[in-house]
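# Descriptive structure summary
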Amino acid sequence: MVKSIKDLNLKGKKTFIRVDFNVPIKDGVVGDDTRIQEAAKTIRYAMEQGARVALCSHLGRPKGEKKMEFSLKPVADYINAKNIFPVKFVEDCVGKVVEDAVNNMKDGEVILLENVRFYKGEEKNDPEFTKELAKPFEVYVNDAFGTCHRKHASVYGAAELINDKAAGFLVEKEAKYFDKLIKNPEKPLAAIIGGAKVSDKIGVIKSLLKIADVILIGGAMAYTFLKYKGISTGTSLVEDEQMDTVRDVLSQADKSGIKILLPCDHIISDKFGGEPSVCNEQAIPDGYMGLDIGPKSREEYTKALEPCKTVLWNGPMGVFEQPAYAEGTFAIANKLASLGVTVIVGGGDSVSAVKKAGVAANISHISTGGGASLEYVEFGTLPGIDILR
Ligand code: AMP
């Protein structure tokens, strides 16, 4: 189990909290503030406990340079303007200016440090930089699940150096759901894997072969599977170099008695985003590409989920950004919301589909990290979480 922030004594403690404030900023104005709102629960809790809180985050990819378009100052201004909690901005994340700011804080106060990726040492987990970053602090808290798969200084190295450490509420919830999924899921367990490429999700699929009872494949990656089976895929997106991988996956599934479902019909078009039509066959005619699973597949997939007690979903069933090719993805989202069992949704596109379908409230766990959630399933843990154990 990961230690929770509730297990720490925070009163008067100089507390480093790694948050994910990597929010969209346009012309110096914060757009979607979901990530700030999500971390606010942990921050407010620490304030109430009398911690002296320094928030550390990255923003964008400044690649180790002080590029002011990636400054976190607008985020601090936004948090104050919206009265989310009072916060003072500090123009660096290491050095005397941070030490002074921390030493001058009163219990319950919060500062936001400048973008930690302004230093090359962050992504390299450089020992010198890590030491500087951790130096002023007595307590380490990680509430940035989306970066927990990165062995960076603020995620890993600083936690290694500070003895008193724990997960914030967001990370604690993620760890609870993913640990149970990997180690002790209620069975049957279904995994729905979609999206563009087999190559992006192969690690996860291989790990799922050890725990799932049924795997539903959708999105463009389904066509690589169909092509391997000798079924025509027209001009659909296919990764020819993944045929050996697909062979291994199918043979492993066969040996372990795991069912792999592939679409038996499709929504197709003669070009990406062109006029849609239903292809009733599994084989796609020459000159056409598959852009969503078809009506029979929707029925088969949603039915396969009915007996399941746990479901993991990552990746859309089609080009769901376009309404003509979104029905397969929404059918999955709506079905998942009606099951009343443990459902974990990860990955930006599936999360946005669940939100667009208006069913987010009926999903047990919506992960805040796309890459992190995939790596959690693939490797059974994440560096940023492991170091808290
Ligand atoms: P991923 O990031 O791997 O989960 O892939 C998500 C992307 O896959 C979305 O932008 C979808 O539009 C795209 N996608 C899903 N199905 C297809 C398909 N049949 N053909 C092309 N792109 C697809």
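Computed from a prediction, not measured in an experiment: that's the story for all the values here.

Per the secondary structure count, the protein includes 15 helices and 17 strands. In terms of overall dimensions, the protein is globule-like: its C-alpha atoms have a radius of gyration of 23 Å, near the 21 Å expected for 389 residues. Here the C-alpha coordinates of the protein stretch approximately 70 × 45 × 35 Å along the principal axes. Burial status across the protein gives 57% buried among its 389 residues. Separation of charge centres in the protein, based on 51 positive and 53 negative side chains, amounts to 4 Å.

In this section: the nonpolar core. Membership of the largest hydrophobic core comes to 73 residues, with the highest contact counts inside it found for Leu-133, Phe-178, Leu-208, Ile-217 and Ile-385. When residues in this core are grouped by element, the largest group, seven residues, is from helix H8 (residues 198-211). Two domains each provide a minimum of three residues to this core, namely domain 1 (5-172) and domain 2 (185-379). Excluding residues within four positions of it along the chain, Phe-178 makes contact with Phe-145, Leu-312, Ile-344, His-365, Ser-367, Ser-373, Tyr-376 and Val-377. Residues Leu-10, Val-19, Ile-84 and Val-141 belong to the second largest nonpolar core, which totals 34 residues.

Okay, the UniProt feature "binding site: ATP" (unreviewed entry) in the protein next. With numbering aligned to this structure, UniProt lists the feature "binding site: ATP" (unreviewed entry) at Lys-201, Gly-290, Glu-321, Gly-347, Gly-348, Asp-349 and Ser-350. Relative to the assigned elements, Asp-349 resides in helix H13 (residues 348-356). Residue class for Asp-349 comes out partly exposed when judged on its relative accessible area of 37%. When sequence neighbours within four positions are dropped, the list of residues in contact with Asp-349 reads Pro-316, Phe-320 and Glu-321. In this structure, Ser-350 sits in helix H13. You can call Ser-350 buried: its relative accessible area is 1%. For Ser-350, the contacting residues outside a window of four places in its chain are Trp-313, Asn-314, Gly-315, Pro-316 and Val-345. Among the polar contacts made by the side chain of Ser-350, one reaches the main-chain carbonyl oxygen of Gly-346 at a distance of 3.3 Å.

Near the ligand lie 14 residues; those nearest to it are Ala-196, Lys-201, Gly-290, Glu-321 and Asp-349. Measuring from an oxygen atom of the ligand, one finds a side-chain N or O atom of Lys-201 at 2.8 Å. Measuring from a nitrogen atom of the ligand, one finds a backbone N or O atom of Ala-220 at 3.3 Å. Protein chains shield 80% of the accessible area of the ligand, which is 510 Å² for the free molecule. Classifying every residue of the shell around the ligand by side-chain character gives seven nonpolar, four polar and three charged.

Next up on the list: the UniProt feature "binding site: (2R)-3-phosphoglycerate" (unreviewed entry) in the protein. Residues annotated in UniProt with the feature "binding site: (2R)-3-phosphoglycerate" (unreviewed entry) correspond here to Arg-35, Arg-117 and Arg-150. Along the chain, the position of Arg-117 falls in the loop between strand S6 (110-113) and helix H4 (120-124). Residues within four places of Arg-117 in sequence aside, it is in contact with His-58, Gly-60, Arg-61, Pro-62, Lys-63, Gly-64, Glu-65, Glu-122, Glu-123, Thr-147 and His-152. Among the polar contacts made by the side chain of Arg-117, one reaches the main-chain carbonyl oxygen of Gly-60 at a distance of 3.4 Å. Tracing the backbone through its elements, the reader meets Arg-150 in the loop between strand S7 (139-142) and helix H6 (153-161). By relative accessible area, which is 35% here, Arg-150 ends up partly exposed.

Here is what the cut-offs are and how they apply
- Residues numbered from 1 in each chain as written.
- Predicted model: local features only at pLDDT ≥ 70, side-chain atom pairs only at ≥ 80, totals over all residues.
- Heavy atoms only, no water.
- Helix = DSSP H or I, 4+ residues; strand = E, 2+ residues; numbered from the N terminus.
- Rg over C-alpha atoms; globule rule 2.2 N^0.38 Å.
- Buried < 20%, exposed > 50% of the residue type's maximum accessible area, 1.4 Å probe, protein only.
- Lys, Arg positive; Asp, Glu negative; His and termini not counted.
- Charge placed at Lys NZ, Arg CZ, Asp CG, Glu CD.
- Core = buried A, V, L, I, M, F, W, Y, C linked by side-chain atoms within 4.5 Å.
- Domains from an automatic or database assignment.
- Contact = heavy atoms within 4.5 Å.
- UniProt positions renumbered as here; feature names shortened; annotations may be inferred.
- Polar contact = N/O pair within 3.5 Å; in protein donor to acceptor, adjacent residues only side chain to side chain.
- Near = heavy atom within 4 Å.
- Areas by Shrake-Rupley, 256 points an atom, 1.4 Å probe, with all protein chains shown as cover.
- Nonpolar A, V, L, I, M, F, W, Y, C, P; charged D, E, K, R; others polar.

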